Amino acid sequence: MFIAGNWKMNGTLDQARALARALAEQLPAGAPTTALFPPAPHLTAVLEEVADSPIFVGGQDCSPHPDGAHTGDVSAAMLVDLGARGVIVGHSERRTNHGETDAQVLAKVTAGMQAGIGVILCVGETLEQREAGQAEAVVRGQLAAGLPETLSGDAITIAYEPVWAIGTGKVATRDDMSTMHRMIRAWLREHRPALAETFILYGGSVKAANADDVFAADEVGGALVGGASLKSDDFLGIITAAMNA
Ligand code: PGA
């Protein structure tokens, strides 16, 4: 299992430090791989707080470019330089708020791979697409467009996050989750065999209270957690549920 906390654009520097410290101190022995994705200005502080724990830290996004005139962007190499070991790419909030295309997502995945950090590629359909019966086709399209065709030993994790479940309190049913996760597994085996065994995370309103149910779905290898990753007790509750799954 792999549990990732996406803090999005929340919190002060002091709050980031306190949350990271609490998690580093309270992470149970035998916890699954746990990663934190704080806002970029808080990365160094969070890295310092978790330095003596197995928690690893990543960026919420990276530029597709290695360097240059890209005001406001952060390169994958800069994340590595800080000590970050992962990056989230293609989150639906980036696709929606910043108009990120599949081609840009692919370029960012490639940039993360070239920098040698783990990439979490997010995919997921909107409510309209689900209601139109297109959910699986949309996710297949995002996988095909966002993943390089040639892969070998690259650390890429997939996060299935139905857009309508993010921050809404609505969670996909266990059946819908299982169907989608099985489809993603079969697609990876057929089209990206190097990723055949990679973790497929579920994301969208995961909290301690529903984590048991999420982890019971087929092919769910962990969670990408937004809101519930901002409180140590809630996030630790999800980690405990993963340990018991
Ligand atoms: P949420 O966010 O847990 O707040 O729904 C999940 C995500 O966007 O990664």
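Okay, so let's go over this structure. Since the model is a prediction, treat every value here as computed from it, not as a measurement.

Brief notes about the pairing of strand β3 (residues 56-59)
Here β3 shows no split at all, with Phe 56 and Gly 58 on one side and Val 57 and Gly 59 on the other all buried. With two bridges joining them, strand β2 (residues 33-37) and β3 adopt parallel strand pairing. Residue pairing in the sheet places Leu 36 in a bridge with Val 57 of β3. Sheet topology note: the β3/strand β4 (residues 86-89) ladder contains two bridges and is parallel. Looking at the pairing, Gly 58 lines up with Gly 86 of β4. Each parallel crossover has a hand, and the one from β3 via helix α3 (residues 76-82) to β4 is right-handed.

Quick look at the packing of aromatic side chains
Counted under the stated rule, the structure contains three aromatic pairs. Summarising the aromatic geometry, the rings of Phe 2 and Phe 199 are spaced 6.2 Å apart at their centres and angled 45° between planes, so their arrangement reads as tilted. You can see Phe 2 sitting in strand β1 (residues 2-6) and its partner Phe 199 sitting in the loop between α8 (174-191) and β7 (200-203), a full 197 residues away along the chain. Of the residues examined, Phe 2 reaches a relative accessible area of 5% and is grouped as buried. By the ring-pair criterion, three or more aromatic residues cluster together here, those being Phe 2, Phe 56 and Phe 199. Over the aromatic face of Phe 56 sits the side chain of Arg 85, whose NZ or CZ is 4.8 Å from the ring centroid.

Structural notes on the site of the ligand
Neighbouring the ligand are 13 residues, the closest being Lys 8, His 91, Glu 161, Gly 167 and Ser 205. The backbone of Ser 205 places a nitrogen or oxygen atom 2.7 Å from an oxygen atom of the ligand. One of the backbone N or O atoms of Gly 227 is found 2.8 Å from an oxygen atom in the ligand. Burial of the ligand by the surrounding chains reaches 95%, relative to a free accessible area of 280 Å². Grouping the constituent residues of the shell around the ligand by class yields four nonpolar, seven polar and two charged.

Side note on unusual backbone geometry
The phi dihedral of Ser 205 is positive, around 60°, even though this residue is not glycine. Since its relative accessible area comes to 17%, Ser 205 is described here as buried. A positive phi is found at Glu 219, a non-glycine position, where the angle reads about 60°. Relative to the elements of secondary structure, Glu 219 occurs in the loop between α9 (208-216) and β8 (222-225). On the basis of relative accessibility, which here comes to 32%, the residue Glu 219 falls in the partly exposed class.

Digging into the sheet that holds strand β5 (residues 118-123)
Pairing in this closed barrel of eight strands is parallel, and the strands run β1-β2-β3-β4-β5-β6-β7-β8 around the ring. When strand polarity is set aside, the average angle formed by the axes of neighbouring strands in this sheet is 25°. The strands that helix α10 (residues 232-244) touches are β1, β2 and β8; relative to β1, the one it contacts most, it runs at about 165°.

Digging into the nonpolar core
Ranked by internal contacts, the top residues of the largest apolar core, which has 64 residues, are Leu 36, Leu 147, Ile 156, Ile 158, Ile 184, Tyr 202 and Phe 215. Phe 2, Phe 56, Ile 88 and Ala 159 belong to the second largest nonpolar core, which has eleven residues in total.

Regarding the pairing of β1
Judged by how many residues are buried, β1 sits mostly within the fold: five of five residues are covered. The alternating pattern of β1 places Phe 2, Ala 4 and Asn 6 and Ile 3 and Gly 5 on opposite faces, both of which are buried. Two strands pair when backbone bridges link them, and β1 and β2 are joined in this way by five bridges, in the parallel orientation. Paired with Asn 6 across the bridge in β2 is Phe 37. Once the chain exits β1 it traverses helix α1 (residues 13-26) before rejoining the sheet at β2, and the crossover so formed is right-handed. Of the strand pairs in this sheet, β1 and β8 are connected by four bridges, and their pairing is parallel. Its bridge partner lying in β8, Ile 3 is registered against Ala 223.

Cut-offs used in this document
Residues numbered from 1 in each chain as written. Predicted model: local features only at pLDDT ≥ 70, side-chain atom pairs only at ≥ 80, totals over all residues. Heavy atoms only, no water. Buried < 20%, exposed > 50% of the residue type's maximum accessible area, 1.4 Å probe, protein only. Helix = DSSP H or I, 4+ residues; strand = E, 2+ residues; numbered from the N terminus. Pairing = 2+ DSSP bridges. Right-handed = clockwise from strand over helix to strand, strands pointing away. Phe/Tyr/Trp six-rings, centres within 6.5 Å; stacked < 30°, edge-to-face > 60°. Lys NZ or Arg CZ within 6 Å of the ring centre and 35° of its normal. Near = heavy atom within 4 Å. Polar contact = N/O pair within 3.5 Å; in protein donor to acceptor, adjacent residues only side chain to side chain. Areas by Shrake-Rupley, 256 points an atom, 1.4 Å probe, with all protein chains shown as cover. Nonpolar A, V, L, I, M, F, W, Y, C, P; charged D, E, K, R; others polar. Axes fitted to C-alpha atoms, helices over the stretch in contact; angles between N-to-C directions. Contact = heavy atoms within 4.5 Å. Core = buried A, V, L, I, M, F, W, Y, C linked by side-chain atoms within 4.5 Å.

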